[in-house]
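Architecture and fold: a report
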Amino acid sequence: MKPRHLITLLDLSNDEFRALIRRAIELKHLKSPYEPLKNKVLGMMFEKSSTRTRLSFEVGMVQFGGAAIFLSPRDTQLGRGEPIEDSARVVSRMVDGVMLRTHSHKAVETFAAYSRVPVINGLTDRFHPCQLLADMQTYFEHRGDIVGRTVAWVGDGNNMCQTYIHAAGLLDFELRIACPAGYEPESALVDWAGGRVELLRNPSEAVRGADLVVTDVWASMGQESEQTERNKAFQGYQVDASLMKLAAPDALFMHCLPAHRGEEVSAEVLEGPQSVVWDEAENRLHSQKALLELLLVTN
Ligand code: CP
Ligand code: NVA
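The shown structure was predicted, so the numbers you read here are calculated from the model rather than taken from an experiment.

Interface size is commonly expressed as the accessible surface area that is lost when the partners come together. Partitioning the chain into structural domains gives domain 1 (5–128 + 283–296) and domain 2 (131–280). Placing a centre on the C-alpha atoms of domain 1 and another on those of domain 2 gives a separation of 25 Å. Contact with domain 1, which involves 25 residues of that partner, is made by 23 residues of domain 2. Broken down by secondary-structure element, the contributors of at least two residues to the side of domain 1 that touches domain 2 are α1 (14–29) and α12 (277–297). With six residues, α1 is the single largest residue contributor to the side of domain 1 that touches domain 2.

Turning next to the sheet that holds strand β7 (residues 197–200). Neighbouring strands of a sheet are bound in pairs by backbone hydrogen bonds; such pairs are parallel or else antiparallel. Spatially, β7-β6-β5-β8-β9 is the arrangement adopted by the five strands of the open sheet, whose pairing is parallel. Of all the strands in the sheet, just β7 and β9 (252–255) have a single pairing partner and so form its edges. Taking each pair of neighbouring strands and ignoring which way they run, the sheet shows an average axis angle of 20°. With four bridges joining them, strand β6 (residues 174–178) and β7 adopt parallel strand pairing.

Around ligand 1, the structure places Ser50, Thr51, Arg52, Thr53, Leu123, Gln131, Cys256 and Leu257. Of the residues that constitute the shell around ligand 1, the class distribution is three nonpolar, four polar and one charged. Two domains each donate at least three residues to the shell around ligand 1, and these are domain 1 (5–128 + 283–296) and domain 2 (131–280).

With respect to spatial proximity, the complete set of residues near ligand 2 consists of Leu123, Asn158, Asn159, Met160, Asp216, Val217, Ser220, Met221 and Cys256. In terms of residue class, the shell around ligand 2 is built from five nonpolar, three polar and one charged.

Okay, the UniProt feature "domain: Aspartate/ornithine carbamoyltransferase carbamoyl-P binding" (unreviewed entry) in the chain next. UniProt annotation of "domain: Aspartate/ornithine carbamoyltransferase carbamoyl-P binding" (unreviewed entry) refers to residues 4–139 when read in the numbering used here. Split by type, residues 4–139 is 42% helix and 14% strand. Its first and last C-alpha atoms lie 26 Å apart.

Within this numbering scheme, the UniProt entry marks residues 148–294 as carrying the feature "domain: Aspartate/ornithine carbamoyltransferase Asp/Orn-binding" (unreviewed entry). When the span residues 148–294 is considered, its composition is 39% helix and 15% strand, and the gap between its end C-alpha atoms is 27 Å.

The residue Ser56 is located in helix α2 (residues 52–63) in this model. Judged by the 26 C-beta atoms lying within 10 Å of it, Ser56 falls in the buried class. Separated by 84 residues in the primary sequence, Ser56 and Phe140 have C-alpha atoms spaced 20 Å apart. If sequence neighbours within four positions are ignored, Ser56 has contacts with Arg284, Leu285 and Gln288.

If you walk across this open sheet you meet the four strands as β2-β1-β3-β4, and the pairing is parallel. Only two strands of the sheet have a single neighbouring strand rather than two, namely β2 (67–71) and β4 (119–121). Ignoring strand direction, the axes of neighbouring strands in this sheet form an average angle of 20°. Here five bridges tie strand β1 (residues 41–46) to β2, and the two strands are oriented parallel to one another. Its bridge partner lying in β2, Met44 is registered against Phe70.

What counts and what doesn't
Residues numbered from 1 in each chain as written. Chains lettered and ligands numbered in written order. Predicted model: local features only at pLDDT ≥ 70, side-chain atom pairs only at ≥ 80, totals over all residues. Domains from an automatic or database assignment. Contact = placed C-beta atoms within 7 Å. Helix = DSSP H or I, 4+ residues; strand = E, 2+ residues; numbered from the N terminus. Pairing = 2+ DSSP bridges. Axes fitted to C-alpha atoms, helices over the stretch in contact; angles between N-to-C directions. Near = placed C-beta within 6 Å. Nonpolar A, V, L, I, M, F, W, Y, C, P; charged D, E, K, R; others polar. UniProt positions renumbered as here; feature names shortened; annotations may be inferred. Buried ≥ 20, exposed ≤ 12 C-beta atoms within 10 Å, placed from the backbone.

Now the structure itself:
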């Protein structure tokens, strides 16, 4: 039987997405030890840096009674050019699940196609589904179901923004994206979401009346050489207190982190009362555990 993967959020149905959020909240409040993955091992392959993703999967596996092994291209044969197809076949014969963070999205798809065990996308250039599990858990905890709400995305139409598009489609919320020309998300994704996603230039227009305001770095991992050019292009796109004032009075602010204070977000907003970024970061652990349970325990 083919293993079940999480390559994008579209590997989940809308009901499964909501069930995962509910389960993550339950697991967060679980007092007694629960070790459904005893003796199971998650392999984690990172082509890019990570604090939250690595830690949440590693801690989650330990809390579930299993273990996680960190692999980087610096010290595996992947970095020396061993084909991804070969690596997938070898690694997946030894572990019970694999989490990958790669530059190319195709690499995760290829790995999954050759893997005997579930594969989880821990961020690619196109999508970051695990982060959205935590973001949506955080919204549900603070404000209840997000159906029919309005989310404003301000900044780069990057992997996070594109995953918000998937979430808008699955959970049925309105997504207004404000980004400079040339930094839009893929148009096919916007089309896929139908009327739920609106592409704008003006951050004020996107944020007005929104229930949730989200942003991310202007230069993602792998785009470091474009930092200066991007800093120029994104002038006027900082989420600061005056922009937040346009949102609904009880609007929340989220950022997947790491954040650059004074660039995409002001320190005042990041540290302010509407910001739930620390809950959002903590929820990486609980939502990752719910995901591991779905893919590695029940399958
Ligand atoms: N938000 C997030 O994925 O953080 P890391 O890059 O630290 O894993
Ligand atoms: N867009 C960012 C997200 C980091 C978690 C990046 O890809 O670097």
